[in-house]
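Commentary on secondary and tertiary structure
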Amino acid sequence: DSQGIKLTNGQIISVGTGLNVWDTVMNGVSSMPSNITLSQVDSDSVNGGTAVNGSARSFKMSQCQMTGSNMTGVHICGGTDTTIDDCVVYAPGSPGTGYGVFVSGGVSHFSIRNNTFAATTGPGVMVSAGASDYYTITGNDGSRCPGGVLVDGGTGSHKVIGDNF
């Protein structure tokens, strides 16, 4: 599948969600977003940085920076083959609501690698309780997060967790 979107060396500035990747239906035909790549993109948004939803396939972020969000830097609440790699997330969240990356329970097939999270109000990475499986969370720095680097509530047995600090 060669359809997709690629944004390199860009900037997203928004009062709402910076980027929302969601299924759409137009004239009765459903469209699944796929092959979306963000590389070296700065996102400065007020209400949530990036949300990956529904049946999005192959969403990749690398060397990106997210700042100033009142909620979560990246929210993975659906989709498959989602990768967040070598990104920096600063100060997401109001007290008690902010995570660098928040993964909804039951979401599988994702990777969160080599990221830096700072000044979040929760952990750098939060995987909600549920049947999440087939994922990798490695090499992330949450040393400046009051909730630590990772809370892993995923119950699947096919996951790789390591070298997070």
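Keep in mind it's a predicted model, so treat the numbers as computed, not measured. (Residues numbered from 1 in each chain as written. Predicted model: local features only at pLDDT ≥ 70, side-chain atom pairs only at ≥ 80, totals over all residues. Heavy atoms only, no water.)

1. Topic: the overall build of the protein
Condition: Counting from the N terminus, the helices are DSSP H or I runs at least four residues long and the strands are E runs at least two residues long. Only protein chains enter the accessibility calculation, which uses a 1.4 Å probe. A residue is then buried if its area is under 20% of the maximum for its type, exposed if over 50%, and partly exposed in between. Throughout, a residue-residue contact means that at least one pair of heavy atoms, one from each residue, lies within 4.5 Å. Values of accessible area rely on a 1.4 Å probe in the Shrake-Rupley scheme; residue burial ignores everything except the protein chains shown.
When you go through the protein residue by residue, the secondary structure sums to 0 helices and 21 strands. The burial tally for the protein puts 45% of its 165 residues in the buried class. Within the protein, counting contacts between residues at least 6 apart in sequence, those at least 24 apart form 66% of the total. Summing over all exposed atoms, the protein offers an accessible surface of approximately 7600 Å²; the carbon and sulfur share of this is 53%.

2. Description of the environment of Arg113
Among the secondary structure elements, Arg113 is positioned in strand β15 (residues 110-113). Residue Arg113 is classed as partly exposed on the basis of its relative accessible area of 28%. Taking the C-alpha atoms as reference points, Arg113 and Asn140, separated by 27 residues in sequence, lie 6.0 Å from one another. The contact partners of Arg113, leaving out residues within four places of it in the chain, are Thr83, Ile84, Asp85, Asp86, Thr136, Thr138 and Asn140.

3. Some points on the pattern of salt bridges
Condition: For this document, the term salt bridge refers to a Lys or Arg side-chain nitrogen within 4 Å of an Asp or Glu carboxyl oxygen.
Considering all chains together, one arrives at 3 salt bridges under this definition. Measuring nitrogen to oxygen at the nearest pair gives 3.2 Å for the salt bridge that ties Lys60 to Asp81. Within this pair, whereas Lys60 is found in strand β9 (residues 57-62), its partner Asp81 is found in strand β12 (residues 80-85), the two being separated by 21 residues in sequence. Overall, Lys60 belongs to the partly exposed group, its relative accessible area being 29%. In this structure, Arg113 and Asp85 form a salt bridge, with 3.7 Å as the shortest nitrogen-oxygen distance. Of this pair, Arg113 sits in strand β15 while Asp85 sits in strand β12, placing them 28 residues apart in sequence.

4. Quick word on the sheet that holds strand β18 (residues 135-138)
Threshold: Pairing between strands requires that DSSP locate at least two bridges from one strand to the other. Only C-alpha atoms enter the line fits that serve as axes; for helices the fit covers just the stretch in contact. Angles between N-to-C directions range over 0 to 180 degrees.
With respect to topology, 7 strands assemble into an open sheet ordered β1-β6-β9-β12-β15-β18-β21, the strand pairing being parallel. The outermost strands of the open sheet, each flanked by one partner alone, are β1 (5-8) and β21 (159-162). Between one strand and the next, the sheet's axes are offset by a mean angle of 5°, whatever the strand orientation. By the bridge criterion, 4 bridges tie β12 to β15 in an arrangement that is parallel.

5. What about the pairing of β9?
As defined by bridge partners, strand β6 (residues 34-39) adjoins β9 across 5 bridges and the pair is classed as parallel. Paired with Ser39 across the bridge in β9 is Ser62.

6. Re the confidence of the model for the protein
Applicable threshold: Each residue carries a pLDDT score, the predictor's confidence in it, ranging from 0 to 100.
On average, residues of the protein score 81 in pLDDT, and 75% of them are at 70 or above. Mean pLDDT values over the elements of the protein span from 57, in strand β4 (residues 24-26), up to 98, in β18.

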